[in-house]
Amino acid sequence: MQLVASLIGIDGVGRSMCLDCVKYGSCCSYEWNRVQDRVDCVFRLKKVEDIYYPEQQALNGGVDFKEDEEGGFNEFSMAVMSCGSRWINAECKGNSGHRYFLELHCGKEYCPECGLKDSKVHKKRVKKGMLRLNHIERFSTLTITVPKEFAEIFLERSKLDSFYKSGIRVAKEIGEGGFARIHFFGDKRETWLELHPHLNLLIVDGGYLEYEKLEDIKRSVGRSFRAIIGQDVPVNLHYQFYRKEGDVWLDSKGNKCKGNILRHKVKYITRATVGYERIKELEYGLKESLIELLEGDKESHKRIILMRWWGNMSNNKYKKTITEKLGAGALDGEGDGMLCPCCNSEMGFKLVDSFLVPPKDQMEEVSPGVYRVRKDTKMVGEDFKSVIKKGVCNV
């Protein structure tokens, strides 16, 4: 198609571009037809070979997405290229007039937007994580690192999946629930481009591990590595324990932690570790292997799940767990995604393009990527018909 949503963060372009009239978010014919009939700009060219993406040059310099048999980018690169350009419009079905716009993101580890620390997607992960974990009074973290000389073996999905499951089995020996997330790289600048797979586990309600128990855990991890790699390898574990007294978090030695250590750990573990800037610099073979691991191969389309909740904090158990511990109403802050947070009325949803969304500074951001329309917000796109008759576009 001739108009594609721009990739937020590249060249500062935030709206769609018409190929022939070369206007960003201001082609009247495109916008009116798009709203009514979902068709392209009347000036569009016929040949697929002439399609031009404003973001293509920047992405080709980084991720090197392959073109499919029809000459277009595959669905994964298209998801990155359209990240942040599609929205969901949510409105109360009653007469309250409450209206929200939800910004859609691709969530890809290598996206220039989603792959950043403190991105909208990262903030959503932190918020959802804290909703499940805010009630806990003790937790531990366990990091299991793949030996450096065998790192590339774990780019095979089946082996990485086995490593993931073995780590969760070990965590179940320590606590009752929690979550795990795979990181592919470390933070040290001097080894920034070196593959460094490691599994981060946050474990809830587990007591402090004495030396003997930690040695048992090491032996268990060693047996898992032997099954995956085929030989004995040194085991590298990093373990920490924290408990809460009143409003203060203490470490295993009884020292006070700075700020909310639980939130800090959730934020650290849930961040993306591939990132757009890093993947641009990787060697081609490693880059291709990572994308295939994250997105699935062409035959099976199976991909690795980067983050998993387990035990009493799993998706189908955490609500019951928290309610049993804290009583009815403990999860009121989480709310029902299908009801209006203002009036608790049923809401209707529809997908819209970015040019129909008011500027963000004219709305109130109530949570990451969710914007509430204010009474003074000027809506766009609702009078396209009269605008086109006049031959003027005010978008």
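Rules of the game
In every chain, residue numbers begin from 1 and rise along the written sequence. Residues qualify for local features only when their pLDDT is at least 70, as the model is predicted, and side-chain atom pairs are given and counted only at 80 or more; totals for whole chains, interfaces and linings, by contrast, use all residues. Heavy atoms throughout the structure, all of them, feed into the side-chain values; hydrogens and water do not. For Phe, Tyr and Trp, where Trp contributes only its six-membered ring, two rings pair if their centres lie within 6.5 Å, and the inter-plane angle classes them as stacked under 30 degrees, edge-to-face over 60, or tilted in between. Think of it in three bands: residues with accessible area under 20% of the maximum for their type are buried, residues over 50% are exposed, and the middle band is partly exposed, with areas taken using a 1.4 Å probe on protein chains only. Two limits define a charge over a ring: the Lys NZ or Arg CZ must be within 6 Å of the ring centre, and within 35 degrees of the ring normal. A pair of strands is treated as paired once DSSP finds two or more bridges between them. Every helix listed is a DSSP run of H or I at least four residues long, and every strand listed is a run of E at least two residues long, numbered separately from the N terminus. Orientation is described by lines fitted to C-alpha atoms, with helices fitted over the stretch in contact, and by angles between N-to-C directions that extend from 0 to 180 degrees. Here, expected helix span is obtained from the residue count minus one, scaled by 1.5 Å. Only heavy atoms matter for contacts: two residues are in contact if any of them lie within 4.5 Å across the pair. In this scheme, roughly parallel covers angles under 35 degrees and roughly antiparallel covers those over 145, while 65 to 115 is roughly perpendicular and the rest are oblique. It is the rotation of the near helix from the far one that decides the hand of a crossing: anticlockwise by less than a right angle makes it left-handed, clockwise makes it right-handed. Following the grouping adopted for this structure description, the nonpolar residues are Ala, Val, Leu, Ile, Met, Phe, Trp, Tyr, Cys and Pro, the charged ones are Asp, Glu, Lys and Arg, and the polar ones are all others, Gly among them. Whenever two N or O atoms come within 3.5 Å, that pair is a polar contact, provided that in protein one can donate a hydrogen and the other can accept it, and provided that, for residues adjacent in sequence, both atoms are side-chain atoms. In what follows, salt bridge is the name for a side-chain nitrogen of Lys or Arg lying within 4 Å of a carboxyl oxygen of Asp or Glu. Arc, as used here, means the arc of the directions from the helix axis to the C-beta atoms.

J.: Teacher, can you tell me more about the packing of aromatic side chains here?
T.: Aromatic ring pairs are defined here through the distance separating the ring centres and the angle between the ring planes. Per the counting criterion, the structure on display carries 9 aromatic pairs. Plain terms: the ring middles of Phe154 and Phe163 are 5.5 Å apart, the flat faces sit at 70 degrees to each other, and that makes the pair edge-to-face. The residues Phe154 and Phe163 share a single accessibility class, namely buried. Taken together, the aromatic side chains of Phe139, Tyr242 and Trp249 make up a single cluster linked through ring pairs. Its guanidinium or amino end placed over the ring of Tyr318, Arg132 lies 4.0 Å from that ring's centre, counting from NZ or CZ.

J.: So what exactly am I meant to see when it comes to the sheet that holds strand 9 (residues 347-353) here?
T.: Sheet strands line up and pair through hydrogen bonds in the backbone, either parallel or antiparallel. Read across the open sheet, the 5 strands follow the order 9-1-2-11-10; overall the sheet is antiparallel. Where the open sheet ends on each side, the last strands, each with one partner, are strand 9 and strand 10 (363-367). Along the sheet, successive strands turn relative to each other by an average axial angle of 30 degrees, direction set aside. Sheet topology places strand 2 (residues 99-103) next to strand 11 (residues 370-373); 3 bridges connect them, and they run antiparallel. When the sheet's bridge partners are listed, Phe101 is paired in strand 11 with Tyr371.

J.: Please explain helix 6 (residues 211-229) as it appears in this structure.
T.: Because an α-helix completes one turn every 3.6 residues, residues spaced three or four positions apart along the sequence face the same direction. Here helix 6 is 19 residues long and its end C-alpha atoms lie 26 Å apart, about the 27 Å a rise of 1.5 Å per residue gives. All of the buried residues in helix 6 are Leu214, Ile217, Ser220, Val221, Gly222, Ser224, Phe225, Ile228 and Ile229. Residues of helix 6 that are buried make contact with strand 3 (138-145), helix 5 (157-172) and strand 6 (236-245). Backbone geometry just downstream of helix 6 places Gly230 in the positive-phi region, at approximately 100 degrees.

J.: Sorry if this is basic, but what is going on with the packing of helix 5 against helix 6 here?
T.: For any two helices packed against each other, one specifies the crossing angle of their axes together with the interaxial distance. Where helix 5 contacts helix 6, the axes come no closer than 10 Å and their chain directions differ by 160 degrees. Classified by the angle their axes make, helix 5 and helix 6 are roughly antiparallel. As helix 5 runs across helix 6, the sense of the crossing is right-handed. Contact residues: helix 5 offers Lys159, Ser162, Phe163, Ser166, Arg169 and Val170, while helix 6 offers Ile217, Ser220, Val221, Ser224, Phe225 and Ile228. Broken down by class, the residue content of the contact of helix 5 with helix 6 amounts to 6 nonpolar, 4 polar and 2 charged.

J.: What is the right way to read the side chain of Arg181 from this model?
T.: Summarising the element assignment, Arg181 is placed in strand 4 (residues 177-183). A relative accessible area of 3% means that Arg181 is categorised as buried. Engagement of the side chain of Arg181 in a polar contact is seen with the side chain of Glu109, the distance being 2.5 Å. Reaching out from Arg181, the side chain makes a polar contact with the backbone oxygen of Arg271 at a distance of 3.3 Å. When near neighbours in sequence (up to four residues on either side) are disregarded, Arg181 contacts Glu109, Arg125, Tyr164, His198, Leu199, Asn200, Ile269, Thr270, Arg271, Ala272, Leu306 and Met307.

J.: Any chance you could explain the pattern of salt bridges here in plain terms?
T.: It is possible for side chains of opposite charge to pair when their charged atoms get near one another. One pass over the structure, following the stated rule, counts 16 salt bridges. Here Arg99 ties to Glu91 by a salt bridge, and the two come within 3.7 Å at their closest N and O atoms. Judged by its relative accessible area of 15%, Arg99 falls in the buried class. For the salt bridge of Arg181 with Glu109, the shortest nitrogen-to-oxygen distance reads 2.5 Å. A residue pair is termed long-range when its members are at least 10 positions apart, and Arg181 in strand 4 and Glu109 in the loop between strand 2 and helix 4 (120-133) qualify at 72 residues. Linked through salt bridges whose partners overlap, the residues forming this network are Glu103, Lys120, Lys360 and Glu365.

J.: I keep staring at helix 7 (residues 261-269) and nothing clicks. Help me out?
T.: Among the residues of helix 7, Ile261, Leu262, Lys265, Val266 and Ile269 are the ones counted as buried. Taken down its axis, helix 7 places every buried residue within 140 degrees of arc, on the same side. Residues of helix 7 that are buried in the fold lie against helix 4, strand 3, strand 4, strand 5 (198-204), strand 6 and strand 7 (248-251). At the N-terminal end of helix 7, a side-chain oxygen is found 3.1 Å from the backbone nitrogen of Leu262, two or three residues along, and the residue is Asn260.

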